[in-house]
Amino acid sequence: LAALGRAEVVAAAIKDPREADALLFRSNLLGNRGMARALVGDEGGLDEMREALQISMDAGFSDSAGHQSSNLAQYVVAWRGPSAGIEILAEGIAFATSRGLQSHIAYHRECELVCAYDLGEHDRLLDQARAPEQTFESSGWVYAPVDLRS
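In this text the structure is predicted, and so the values were computed from the model without any measurement.

Cut-offs and rules
- Residues numbered from 1 in each chain as written.
- Predicted model: local features only at pLDDT ≥ 70, side-chain atom pairs only at ≥ 80, totals over all residues.
- Heavy atoms only, no water.
- Helix = DSSP H or I, 4+ residues; strand = E, 2+ residues; numbered from the N terminus.
- Rg over C-alpha atoms; globule rule 2.2 N^0.38 Å.
- Buried < 20%, exposed > 50% of the residue type's maximum accessible area, 1.4 Å probe, protein only.
- Contact = heavy atoms within 4.5 Å.
- Areas by Shrake-Rupley, 256 points an atom, 1.4 Å probe, with all protein chains shown as cover.
- Lys, Arg positive; Asp, Glu negative; His and termini not counted.
- Charge placed at Lys NZ, Arg CZ, Asp CG, Glu CD.
- Axes fitted to C-alpha atoms, helices over the stretch in contact; angles between N-to-C directions.
- Parallel < 35°, antiparallel > 145°, perpendicular 65-115°, else oblique.
- Nonpolar A, V, L, I, M, F, W, Y, C, P; charged D, E, K, R; others polar.
- Core = buried A, V, L, I, M, F, W, Y, C linked by side-chain atoms within 4.5 Å.
- Expected span 1.5 Å × (residues − 1).
- pLDDT = per-residue confidence, 0-100.

Focus on the overall build of the chain
- Within the chain, the regular secondary structure consists of nine helices and zero strands.
- Reading the chain from its N end, one meets helices and strands in the order α-α-α-α-α-α-α-α-α.
- Taking 15 Å as the expected radius of gyration for a compact globule of 150 residues, we find that the chain reaches 16 Å, a close match to that expectation.
- For the chain, the spread of C-alpha atoms along the principal axes amounts to about 55 × 35 × 25 Å.
- Per-residue burial over the chain gives 40% buried out of 150 residues.
- If you take every contact in the chain between residues at least 6 apart in sequence, the share linking residues at least 24 apart comes to 52%.
- Carbon and sulfur atoms make up 54% of the accessible area of the chain, which amounts to about 8400 Å² in all.
- The chain carries 13 positive and 22 negative side-chain charges, and their two centres are separated by 5 Å.

Some points on the packing of helix H4 (residues 62-80) against helix H5 (residues 82-98)
- It is the contact of H4 with H5, at a shortest axis distance of 7 Å, that shows an interaxial angle of 170 degrees. Of the possible angle classes, the one that applies to H4 and H5 is roughly antiparallel. Residues Ser-62, Ala-65, Gly-66, Ser-69, Leu-72, Ala-73, Val-76, Val-77 and Arg-80 of H4 form the contact with H5, whose participating residues are Pro-82, Ala-84, Gly-85, Ile-88, Leu-89, Gly-92 and Phe-95.
- Along the lines of polarity and charge, the residues of the contact of H4 with H5 split into ten nonpolar, five polar and one charged.

A closer look at the environment of Leu-4
- Checked against the element boundaries, Leu-4 lands in helix H1 (residues 2-12).
- With sequence-adjacent residues up to four places away left out, Leu-4 is seen in contact with Leu-29, Asn-32 and Arg-33.

Topic: the nonpolar core
- One finds Leu-46, Met-49, Leu-72, Tyr-75, Val-76, Ile-88 and Leu-89 to be the most contacted residues of the largest nonpolar core, which totals 19 residues.
- If you list the elements that add at least two residues to this core, you get helix H2 (19-39), helix H3 (45-59), H4, H5 and helix H6 (102-118).
- Beyond its immediate chain neighbours, meaning those up to four positions away, Met-49 contacts Leu-30, Gly-31, Gly-34, Met-35, Asn-71, Leu-72 and Tyr-75.

Thoughts on H3
- In this model H3 runs 21 Å from its N-terminal to its C-terminal C-alpha over 15 residues, within 8% of the 21 Å that 1.5 Å per residue would give.
- Those residues of H3 lying buried are Gly-45, Leu-46, Glu-48, Met-49, Ala-52, Leu-53, Ile-55 and Ser-56.
- Considering only its buried residues, H3 is in contact with H2 and H4.
- Phi turns positive, to about 85 degrees, at Gly-60, one or two residues after H3.

Some words on the confidence of the model for the chain
- With 91% of its residues at a pLDDT of 70 or more, the chain has an overall mean of 88.
- No element of the chain has a lower mean pLDDT than helix H9 (residues 143-149), at 64, and none a higher one than H3, at 97.

Structural notes on the side chain of Ser-64
- Checked against the element boundaries, Ser-64 lands in helix H4.
- Setting aside chain neighbours within four positions, we find Ser-64 in contact with Leu-24, Asn-28 and Ser-56.

So this is what it looks like as structure tokens:
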């Protein structure tokens, strides 16, 4: 958290940054700081993660928004349970689908399947696991298929 605070101070000292650069930095800072805060027991980190996601979506940083959406969903699951994360994952899938972000769609679906397992929806898990697995394999992801299979 201290390093993120120093990064924020350094970024503030940059004279006349391009707006897109400043927005992307702010989004990444909030997303990472939010995760760090949530990891150390500060639920307010989830709010920073939501703000980071909104900045990315509003500014057109689709890839960042895809990552931030799945991160937020996973942290919400940790704090509030799988049912709470499902809604965020559905929104993330809709966003990624509207932009053709196949890897993000697959990863969000994997997270949904983890939630389905946690909710006891094992048939859904078995029925839907193959599609994201194929996407991961075709895009060269190594850890996601392992996670999905375990």
